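Next come the chains, spelled out residue by residue.
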Number of protein chains: 2
Amino acid sequence: MKYKRRKRLSAEEYANGIINGDRIILSRAITIIESKLENDILLAEEVLEKILPYTGKSLRVGITGVPGVGKSTFIESFGKYITSQEKKLAVLTIDPSSQISGGSILGDKTRMEELSNDPYAYVRPSAAGSALGGVNYKTRETMLLCEAAGFEVILIETVGVGQSETTVKGMVDFFLLLMLAGAGDELQGIKRGIMEMADAIAITKVDGDNVKRGQLARVEYQNALHLFPPSETGWSPKVMTCSSVNKDGLDKILDNIIQYQKEMNEKGYFFSRRQEQNLHWMHETIESYLKRAFYNNTDVASQLDTLENQVIQNKVPALTGARRLIDIYNQ
Amino acid sequence: MKYKRRKRLSAEEYANGIINGDRIILSRAITIIESKLENDILLAEEVLEKILPYTGKSLRVGITGVPGVGKSTFIESFGKYITSQEKKLAVLTIDPSSQISGGSILGDKTRMEELSNDPYAYVRPSAAGSALGGVNYKTRETMLLCEAAGFEVILIETVGVGQSETTVKGMVDFFLLLMLAGAGDELQGIKRGIMEMADAIAITKVDGDNVKRGQLARVEYQNALHLFPPSETGWSPKVMTCSSVNKDGLDKILDNIIQYQKEMNEKGYFFSRRQEQNLHWMHETIESYLKRAFYNNTDVASQLDTLENQVIQNKVPALTGARRLIDIYNQ
């Protein structure tokens, strides 16, 4: 069997394909965006520059929650509800445990099957990049391509255990936290600080025997959220309950997100926050480049372990450890 | 009048003075630590290296709260309570609005007067450095010098509105958040995420007419904290009330901190967290150096505004803006 190499398109062709909503070209462009080859990086930038005027029209929603909260099932149900409203939906999922092979995720084929077959939906799984703690380091650019391709709602899934939430919070309009009823062991996995990032909390699996518990939890969390300092936008995060199995409460969640968009638009925050996010992303990119260049420097890398150990064991002050590595880097 | 220049000591002399608890030498050494002159930086590193074996024996406590919460008054009362237990106390205060002039803070002379005159206490005000969002960028090293000088408790004050809390959280053992009763406008100033960082919350000004309100608030906050995900150490932050005027509740707060230290020691977290903090600080220092070098580069600086504006206005992708600046930097 002969492997047939696909013809490489020009930036123009990619951009036009994306703007015309061609999903095959979109998928190929995302693969180029994710590539680390020098050629691809330059091509990706050209494509981005061309599609930029067509971006910004979607509603960007981050969804997080610990494993076990039923994130995939929720996104499948919630996604189906969104497409049932005749809204075009793109779902970018990030799976930290998965490995990518030729663009598809191994061992993860059964996730969101229904949504994947929905003509209104586009599901793109990404392996987690190491650069930004779990979030594929090109998720933001992938989101821009999806916007240019005409998707009206973009859901970005993260895992709720790493630094990825901060990164995703910095690229979405709305951040939805999924929680389970009962503040017991189920919460162990979620990282502190994430609750305060949420624009809304949805308690999942509120069906069958779990309805009472879920309703109680809703009141408790709602009370807790009132004690948080209000955000500068004046938005008060709501706690809602839902069931992905019974399709309960999904409408209320979407309504809440749309209400948020409306309010933020009226107050002028929607646009200004996106501007800040753009700027922030440029600086993030620069800083992650600077760190990579530093720690990948072979001389630095060869001394790093030794100095780290000396600093950990309090034999060398952190400041001196830092200065020595910087001197090595600057040589 | 002739300005008499003080003789510059050797690293050896500074280190010995500090280890012997000479406060005048300690103060002079801190000034050198805070200096940005090349000579001083090298001398400071030498001093640090020499005193390092004598560090690590204090209890490091960060204290934060918005302006108006009564932070200075609290630290004064709480500090007096600590020294009344015959514990040697160092207080490092950071005042973002102050300017430093010859080592003393202008317009801030009346703060903590009682504590300043206490033979068991050493109060060192610092102007806020710009490097780490309000925290003087050598606060950690100042803390090490104080430890070597034999101070058993070190209080580090921050302002509760910036990034400084994250930085201080990364250098202390215990993080105490001061709050006011009533979740109204008083909370406006505090940054989201800070509540989840706290190892304890103390509600201040619970005296006179405010006692009932304070006790109610205590219960409310305690309930809210229960809903937070537990920390990996298993520590449950307590909410306490206090009055700096009546000296009420200060003993309970100190007991709580000492209990924390005991529990963390037993579980092995106390030492391991400090090791992590050492390492983290080295990397922080490196990364803040890398950023400074980048943004202070004259070619980068000359293009930064233009590119920032293009990125904000969505005329240039963030990725391209970043790449262009990196290219300029690497030329």
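Residues numbered from 1 in each chain as written. Chains lettered and ligands numbered in written order. Predicted model: local features only at pLDDT ≥ 70, side-chain atom pairs only at ≥ 80, totals over all residues. Heavy atoms only, no water.

Trainee: I'm lost on the relation of the copies chain A and chain B in this one. Help?
Mentor: Superposing the two chain copies requires a rotation about an axis and a translation along that axis. After a rotation of 180° and a shift along the axis of 0.0 Å, chain A superposes on chain B with an RMSD of 0.1 Å. Seen this way, the second copy is the image of the first under a two-fold rotation axis. In this assembly, 100% of the residues forming the interface of chain A have copies in chain B that are likewise at the interface, indicating an isologous arrangement. (Least-squares fit on C-alpha atoms with pLDDT ≥ 70 in both. Contact = heavy atoms within 4.5 Å.)

Trainee: Just to check I follow, could you spell out the pairing of strand E8 (residues 200-203) of chain A for this structure?
Mentor: Consecutive side chains of a regular strand alternate in pointing toward one face of the sheet and then the other. All names here are of chain A. Residues Ala200 and Ala202 of E8 are buried on one face, and the alternating residues Ile201 and Ile203, pointing to the opposite face, are buried as well. For strand E7 (residues 174-179) and E8, the ladder comprises four bridges, and the chain directions are parallel. Across the sheet, Leu178 pairs through a bridge with Ala202, a residue of E8. Pairing between E8 and strand E9 (residues 238-241): four bridges, direction parallel. (Buried < 20%, exposed > 50% of the residue type's maximum accessible area, 1.4 Å probe, protein only. Helix = DSSP H or I, 4+ residues; strand = E, 2+ residues; numbered from the N terminus. Pairing = 2+ DSSP bridges.)

Trainee: When you look at the side chain of Gln277 of chain A in this model, what are you seeing that I'm missing?
Mentor: Mapped onto the fold, Gln277 of chain A is located in helix H10 (residues 269-296). Once residues within four sequence positions are removed from consideration, Gln277 of chain A is found in contact with Arg60, Arg140, Lys169, Gly170, Met171 and Val172 of chain A.

Trainee: When you look at the environment of Val172 of chain B in this model, what are you seeing that I'm missing?
Mentor: Residues and elements named next belong to chain B. Counting through the fold element by element, Val172 comes out in the loop between helix H7 (164-169) and strand E7 (174-179). Taking the C-alpha atoms as reference, Val172 lies 9.5 Å from Arg273; in sequence the two are 101 residues apart. Setting aside anything within four residues of it in sequence, one finds Val172 in contact with Arg60, Val61, Gly62, Ile156, Arg273 and Gln277.

Trainee: I'm lost on the packing of aromatic side chains in this one. Help?
Mentor: Each aromatic ring pair is described using two quantities: the centre-to-centre distance and the angle formed by the ring planes. Applying the stated rule across the entire model yields twelve aromatic pairs over all chains. Both rings, one in Phe174 of chain B and one in Tyr260 of chain B, keep their centres 5.0 Å apart while their planes meet at 80°; by these two values the pair is edge-to-face. Remark: Tyr260 of chain B occurs in helix H9 (residues 250-267) and Phe174 of chain B occurs in strand E7; sequence separation between them is 86 residues. Like Tyr260 of chain B, Phe174 of chain B is buried. Between Phe294 of chain B and Tyr329 of chain B, the aromatic rings sit 4.7 Å apart at their centres with planes inclined by 55°, giving tilted as the arrangement. Note that Phe294 of chain B is positioned in helix H10 (residues 269-296) and Tyr329 of chain B in helix H12 (residues 318-330), a separation of 35 residues in sequence. The class for Phe294 of chain B is buried, based on a relative accessible area of 0%. In this structure an aromatic cluster arises from ring pairing among Phe174, Trp235 and Tyr260 of chain A. Lys88 of chain A extends its terminal NZ or CZ atom over the ring of Phe151 of chain A, reaching a point 5.1 Å from the ring centre. (Phe/Tyr/Trp six-rings, centres within 6.5 Å; stacked < 30°, edge-to-face > 60°. Lys NZ or Arg CZ within 6 Å of the ring centre and 35° of its normal.)

Trainee: What exactly am I supposed to notice about the interface of chain A and chain B here?
Mentor: Interface size is commonly expressed as the accessible area that is lost once the parts come together. The partner chain B presents 61 residues to the 61 residues of chain A that form the contact. Taken together, the two surfaces of chain A and chain B that pack against each other cover about 5,900 Å², and 65% of this comes from carbon and sulfur. The interface formed by chain A and chain B contains six salt bridges. For the salt bridge of Glu287 of chain B with Lys291 of chain A, the shortest nitrogen-to-oxygen distance reads 3.7 Å. Taken together, the links from chain A to chain B amount to 18 residue pairs in polar contact (both at pLDDT 80 or more). When residues of the side of chain A that touches chain B are traced back to their parent elements, those giving at least two are helix H3 (38-51), helix H6 (139-148), helix H8 (211-227), H10, helix H11 (298-312) and helix H12 (318-330) of chain A. Looking at the side of chain A that touches chain B, the element that brings in the most residues is H10 of chain A, giving 14 residues. (Buried area = accessible area lost by both parts, 1.4 Å probe. Salt bridge = Lys/Arg side-chain N within 4 Å of Asp/Glu carboxyl O. Polar contact = N/O pair within 3.5 Å; in protein donor to acceptor, adjacent residues only side chain to side chain.)

Trainee: I keep staring at the packing of helix H1 (residues 11-19) of chain B against helix H2 (residues 23-34) of chain B and nothing clicks. Help me out?
Mentor: For any two helices packed against each other, one specifies the inter-axial angle together with the distance between the axes. Residues and elements named next belong to chain B. At a closest axis distance of 8 Å, the pairing of H1 and H2 adopts a crossing angle of 130°. In terms of axis orientation, H1 runs oblique to H2. Here the hand of the crossing between H1 and H2 comes out left-handed. Every residue of H2 that contacts H1 at Glu13, Tyr14, Gly17 and Ile18 is listed here: Ile25, Leu26, Arg28, Ala29 and Ile32. (Axes fitted to C-alpha atoms, helices over the stretch in contact; angles between N-to-C directions. Parallel < 35°, antiparallel > 145°, perpendicular 65-115°, else oblique. Left-handed = near helix turned anticlockwise from the far one by under 90°.)

Trainee: Would you take a moment to explain unusual backbone geometry for this structure?
Mentor: Glycine aside, negative phi is the norm for most residues, and most peptide bonds take the trans geometry. Its identity is not glycine, yet Asn314 of chain A carries a phi of approximately 65°, on the positive side. Residue placement: Asn314 of chain A occurs in the loop between H11 and H12.

Trainee: Sorry if this is basic, but what is going on with the pattern of salt bridges here?
Mentor: Pairing is possible between side chains of opposite charge, provided their charged atoms come close. Evaluation of the coordinates by the stated rule reveals 24 salt bridges over all chains. With a shortest N-O distance of 3.6 Å, Glu266 of chain B and Lys262 of chain B are connected by a salt bridge. Of the two residues, Glu266 of chain B and Lys262 of chain B are both situated in helix H9; the distance of four residues between them amounts to about one turn of the helix. Note on Glu266 of chain B: relative accessible area 61%, which makes it exposed. Taking the relative accessible area as the measure of exposure, Lys262 of chain B reaches 47% and is therefore partly exposed. Among the charged side chains, a salt-bridge network with shared partners connects Glu45 of chain A together with Arg323 and Asp327 of chain B.

Trainee: What am I meant to see in the nonpolar core here?
Mentor: Burial of nonpolar side chains together is a common tendency in soluble globular proteins. Ranked by internal contacts, the top residues of the largest apolar core, which has 138 residues, are Ile18 and Leu145 of chain A together with Ile18 and Leu145 of chain B. Discounting residues that sit within four places of it in the chain, Leu145 of chain A has contacts with Ile18, Leu26, Ala29, Ile30, Ile33, Val47, Leu48 and Ile51 of chain A. (Core = buried A, V, L, I, M, F, W, Y, C linked by side-chain atoms within 4.5 Å.)

Trainee: Can you walk me through helix H11 (residues 298-312) of chain B in this structure?
Mentor: Here H11 of chain B spans 22 Å end to end across 15 residues, near enough to the 21 Å set by a 1.5 Å rise per residue. Along H11 of chain B, the sharpest kink reaches roughly 40°, centred on Leu304 of chain B. Inspection of H11 of chain B places Val300, Leu304, Leu307, Glu308 and Val311 of chain B among the buried residues, and these make up the whole buried set. Looking at the buried positions of H11 of chain B, the neighbouring elements they touch are H10 of chain A together with H10 and H12 of chain B. At the N-terminal boundary of H11 of chain B, the capping side chain belongs to Asn297 of chain B, with an oxygen 2.9 Å from the backbone nitrogen of Asp299 of chain B. A positive backbone phi angle near 65° is found at Asn314 of chain B, which sits one or two residues after H11 of chain B. (Expected span 1.5 Å × (residues − 1). Bend = angle between axes of the 7 residues up to and from the residue.)

Trainee: Sorry if this is basic, but what is going on with the packing of H6 of chain A against H10 of chain A here?
Mentor: Residue and element names in this part refer to chain A. Where H6 contacts H10, the two axes come as close as 12 Å, and the packing angle between them is 135°. Judged by the angle between their axes, H6 and H10 are oblique. Residues Arg140, Glu141 and Glu147 of H6 form the contact with H10, whose own contacting residues are Arg274, Gln277, Asn278 and Trp281. Here the contact of H6 with H10 is composed, by residue class, of one nonpolar, two polar and four charged. (Nonpolar A, V, L, I, M, F, W, Y, C, P; charged D, E, K, R; others polar.)

Trainee: Honestly, the pairing of strand E6 (residues 153-157) of chain A in this entry has me stumped. Any pointers?
Mentor: All names here are of chain A. A large share of E6 lies buried, amounting to five of its five residues. Every second residue of E6 is oriented toward a common face, with Val153, Leu155 and Glu157 on one face and Ile154 and Ile156 on the other, all of them buried. The sheet contact formed by strand E1 (residues 59-64) and E6 spans five bridges and is parallel. Opposite Leu59, over in E6, you have Val153 as the bridge partner.

Structural measurements only, silent on function.
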